[in-house]
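Chain and residue survey
If you want the building blocks of each chain, they are given just below.
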Amino acid sequence: NTRVLFRLMWKDARSVRPLIIAIPCMILAFYTLLVILDASMRLADARLSLAVTILWSVPLLVAFASPAMLVGGEDESGSLAWLQTLPTNWKQISLSKLLVTLLSITAAWMLGLIFFLAYCSSVGFIEELYSPASQTDWVPLWIMLLIGIGISLWVTLTSLCASYLFRSPLTALLLVL
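Residues numbered from 1 in each chain as written. Predicted model: local features only at pLDDT ≥ 70, side-chain atom pairs only at ≥ 80, totals over all residues. Heavy atoms only, no water.

**Section: the environment of serine 104**
Among the structural elements, serine 104 can be located in helix H5 (residues 90-123). Put simply, serine 104 and proline 59 are 45 residues apart on the chain and 8.3 Å apart in space, counted from C-alpha to C-alpha. Those residues in contact with serine 104 that sit more than four places away from it in its chain are Val16, Ile20, Ile23 and Val62. (Helix = DSSP H or I, 4+ residues; strand = E, 2+ residues; numbered from the N terminus. Contact = heavy atoms within 4.5 Å.)

Here is the structure:
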């Protein structure tokens, strides 16, 4: 059973490979845009808010899109029906899709956090993230991360359920919205 699950996960990981490759590209592009906007518009106080928005947006995009790509894309290509003829049950198929999505989201959060901390360090916000004086203005970083991860998990499960209900990537994405 474990071998079958790993093979299913390998197949699913290959399906979302473009999304996994796009994660660091999106994060880098968003932070580059933030630096360019800051240089041209002098964002000052909005920089940290925009950096947090970028930190949250990429993992949420992955949580939103990955299940729809996995389930809806397979249903459109006919491979979901083919998978159900193999000596595996729907639980393993669904678990594989969920685990691949969770690994993708974990990678997005880790890369996003690395870029977030690098950006905050480059503009001098690291002290503000950890200083007690900023605790009155900002939610601590670890609480922001826990809330974001919780929302990512909720979006993942909602998107996965919607994808299985409607089997169309676009319909499932619109339903989650």
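**Here's the deal with the confidence of the model for the protein chain**
In the predicted model, the protein chain carries a mean pLDDT of 78, and 81% of its residues have values of at least 70. Taken element by element, the protein chain is modelled with least confidence in helix H8 (residues 169-176), mean pLDDT 63, and with most confidence in H5, mean pLDDT 86. (pLDDT = per-residue confidence, 0-100.)

**Re the pattern of salt bridges**
In total, this model carries two salt bridges according to the counting rule given. A salt bridge links aspartate 12 to lysine 11, with the nearest nitrogen and oxygen atoms 2.8 Å apart. With relative accessibility at 1%, the residue aspartate 12 sits in the buried group. The exposure class assigned to lysine 11 is partly exposed, which follows from its relative accessible area of 24%. Here lysine 97 and aspartate 12 are joined by a salt bridge, their closest N and O atoms 3.0 Å apart. Here aspartate 12 lies in helix H1 (residues 2-15) and lysine 97 lies in helix H5, a separation of 85 residues in the sequence. Comparing lysine 97 with aspartate 12 shows no difference in burial state: the two are buried. One salt-bridge network, in which partners are shared between bridges, spans Lys11, Asp12 and Lys97. (Salt bridge = Lys/Arg side-chain N within 4 Å of Asp/Glu carboxyl O. Buried < 20%, exposed > 50% of the residue type's maximum accessible area, 1.4 Å probe, protein only.)

**Some thoughts on H1**
The terminal C-alpha atoms of H1 lie 20 Å apart, and with 14 residues this matches the ideal 20 Å at 1.5 Å per residue to within 8%. Among the residues making up H1, those that are buried are Leu5, Leu8, Met9 and Asp12. Projected down its long axis, H1 shows its buried positions confined to an angular sector of 100°, all on one face. In H1, the exposed positions that point more than 90 degrees away from the buried face belong to Arg3, Phe6, Arg7 and Trp10. (Expected span 1.5 Å × (residues − 1). Arc of directions from axis to C-beta.)

**Quick notes on the packing of H5 against helix H7 (residues 141-166)**
Orientation of H5 relative to H7, taken along the N-to-C sense of each, is 150°, at an axis distance of 11 Å. Our classification of the angle between H5 and H7 gives roughly antiparallel. In this structure, H5 crosses over H7, and the sense of that crossing is right-handed. Along the contact surface, H5 presents Ile93, Ser94, Lys97, Leu98, Thr101, Leu102, Ile105, Trp109, Leu113, Phe116 and Leu117, while H7 presents Leu141, Leu145, Gly148, Ile149, Ser152, Leu153, Thr156, Leu157, Leu160 and Tyr164. The residue inventory of the contact of H5 with H7, partitioned by class, reads 15 nonpolar, five polar and one charged. (Axes fitted to C-alpha atoms, helices over the stretch in contact; angles between N-to-C directions. Parallel < 35°, antiparallel > 145°, perpendicular 65-115°, else oblique. Left-handed = near helix turned anticlockwise from the far one by under 90°. Nonpolar A, V, L, I, M, F, W, Y, C, P; charged D, E, K, R; others polar.)

**Describing H5**
With 34 residues, H5 ought to run about 50 Å at 1.5 Å a step, and its terminal C-alpha atoms sit 49 Å apart, in line with that. A positive phi of about 85° marks glycine 124, the residue just after H5.

**Section: the side chain of serine 104**
Residue classification places serine 104 among the buried positions, given a relative accessible area of 4%. Within the local environment of serine 104, its side chain forms a polar contact with the backbone oxygen of valine 100, the two atoms lying 2.9 Å apart. (Polar contact = N/O pair within 3.5 Å; in protein donor to acceptor, adjacent residues only side chain to side chain.)

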